[in-house]
Amino acid sequence: SYLWTAVVGISIIAVLALIVAQYLGHQMKLTRLRNDLIATVSHELKTPLASMRVLVDTLLEGRFEDQQQARDYFGLIAKENERLTRLIDNFLTFSRMERNKKAFDSTELDLSEVIKAAVDSVADRFNRANYHLEVDIAENLPKVTGDRDALITVLLNLLDNAYKYSQDEKRIRVRAYATEAN
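Structure report, in brief. (Residues numbered from 1 in each chain as written. Predicted model: local features only at pLDDT ≥ 70, side-chain atom pairs only at ≥ 80, totals over all residues. Heavy atoms only, no water.)

**Focus on the overall build of the protein chain**
Here is step 1: A count of helical and extended segments in the protein chain gives four helices and four strands.
Here is step 2: Each helix and strand of the protein chain, placed in order from N terminus to C terminus, yields the pattern α-α-β-α-β-β-α-β.
Here is step 3: Its C-alpha radius of gyration of 25 Å places the protein chain more than 25% over the 16 Å reference for a compact globule of 182 residues.
Here is step 4: C-alpha extents for the protein chain along the principal axes are approximately 95 × 55 × 30 Å.
Here is step 5: The proportion of buried residues among the 182 residues of the protein chain is 20%.
Here is step 6: On the protein chain, roughly 13900 Å² of surface is accessible, and the fraction owed to carbon and sulfur atoms is 56%.
Here is step 7: Across the protein chain, the centroid of the 24 positively charged side chains sits 6 Å from that of the 26 negatively charged ones. (Helix = DSSP H or I, 4+ residues; strand = E, 2+ residues; numbered from the N terminus. Rg over C-alpha atoms; globule rule 2.2 N^0.38 Å. Buried < 20%, exposed > 50% of the residue type's maximum accessible area, 1.4 Å probe, protein only. Areas by Shrake-Rupley, 256 points an atom, 1.4 Å probe, with all protein chains shown as cover. Lys, Arg positive; Asp, Glu negative; His and termini not counted. Charge placed at Lys NZ, Arg CZ, Asp CG, Glu CD.)

What follows is the structure in C-alpha cells.
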C-alpha cells in the first residue's frame, strides 16, 4: 500500500509539474508576443511622429521658399497626423478585441461607398508623376454586413502597403465586383 501511495503521489506531482511547465511556456510565449507587439507599435508610431517633427522644425526655422511650400508642409503634417490617428485607432481596436469587449458595429453597408472613402483618403498621395491609382468599382454591388470604420481601415492599410512596397513607378489598382456564388 505504501508503494502504491508513493506511485500515485509521484504521478500527481509529475502531472502537476507538466501542467506548470506548459503554463509557464504559454506565459513566456505571450510575453514574447507582447514585447514584439510593443516594439512594432513603437516603430509604427515613431515614423509619422518623426516626419511631423522634421516638417515642424523646418517651418519653425523658416526654411521654406514661399507660402505655398509652407501650406504643402502643413498638408503633409495633417496627413501624418491622420496616419498616426489611424494607427492608434487600430491599436485600440485590437486592445478591445483582446479584452473580449465589443469592437465592431456591424450594419448593412454599401461597399462602393466604403471603397470610395478609403480611396479618397489616400488619393492625394498618387497625384504625382509615376504614381497611378486606378479605381474600378462595378455598379450594383450587393450590400455587405460589417463595421464601416474597420473595413475602411483594412482598405487603408492595404493601400498604404501597396504604396510603400511598390516599385519606383507606382501602379495600384483597386477593383470591386461581384461574382455569383457556386
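**So, the packing of aromatic side chains**
Here is step 1: Using the criterion set out here, one finds one aromatic pair in the structure.
Here is step 2: For the ring pair Tyr131 and Tyr163, a centre distance of 5.7 Å and an interplane angle of 40° mean the geometry is tilted. Placement of Tyr131 in strand S2 (residues 131-137) and of Tyr163 in helix H4 (residues 148-165) is noted, with a sequence separation of 32 residues between them.
Here is step 3: For Tyr163, a relative accessible area of 14% puts it in the buried group. (Phe/Tyr/Trp six-rings, centres within 6.5 Å; stacked < 30°, edge-to-face > 60°.)

**Concerning the nonpolar core**
Here is step 1: Membership of the largest hydrophobic core comes to 17 residues, with the highest contact counts inside it found for Phe126, Ile152 and Leu159.
Here is step 2: Counting only elements with at least two residues in this core, the list comes to helix H3 (111-122), H4 and strand S4 (170-176).
Here is step 3: Considering each element in turn, this core owes the most residues, six residues, to H3.
Here is step 4: Excluding residues within four positions of it along the chain, Ile152 makes contact with Val114, Ala117 and Ala118. (Core = buried A, V, L, I, M, F, W, Y, C linked by side-chain atoms within 4.5 Å. Contact = heavy atoms within 4.5 Å.)

**Comments concerning the packing of helix H1 (residues 2-60) against helix H2 (residues 67-98)**
Here is step 1: Between H1 and H2, the shortest axis-to-axis distance is 9 Å and the interhelical angle comes to 165°. Comparing their axes, H2 and H1 come out roughly antiparallel. Here H1 and H2 pass one another in a crossing that is left-handed.
Here is step 2: Of the residues that constitute the contact of H1 with H2, the class distribution is 19 nonpolar, four polar and three charged. (Axes fitted to C-alpha atoms, helices over the stretch in contact; angles between N-to-C directions. Parallel < 35°, antiparallel > 145°, perpendicular 65-115°, else oblique. Left-handed = near helix turned anticlockwise from the far one by under 90°. Nonpolar A, V, L, I, M, F, W, Y, C, P; charged D, E, K, R; others polar.)

**Digging into unusual backbone geometry**
Here is step 1: Positive phi outside glycine occurs at Asn140, with the angle close to 60°.
Here is step 2: With relative accessibility at 75%, the residue Asn140 sits in the exposed group.

**Examining H4**
The periodicity of an α-helix, 3.6 residues per turn, causes residues three or four places apart in sequence to face the same way.
Here is step 1: Taking 1.5 Å as the rise per residue, H4 with 18 residues should run 26 Å; its terminal C-alpha atoms sit 26 Å apart, in good agreement.
Here is step 2: Taken residue by residue, H4 has Ile152, Thr153, Leu156, Leu159, Asp160 and Tyr163 as its buried positions. Relative to the axis of H4, the buried residues are bounded by an arc of 130° and lie together on one face. Structural note: H4 exposes Leu158 and Tyr165 on the side pointing more than 90 degrees away from its buried face. (Expected span 1.5 Å × (residues − 1). Arc of directions from axis to C-beta.)

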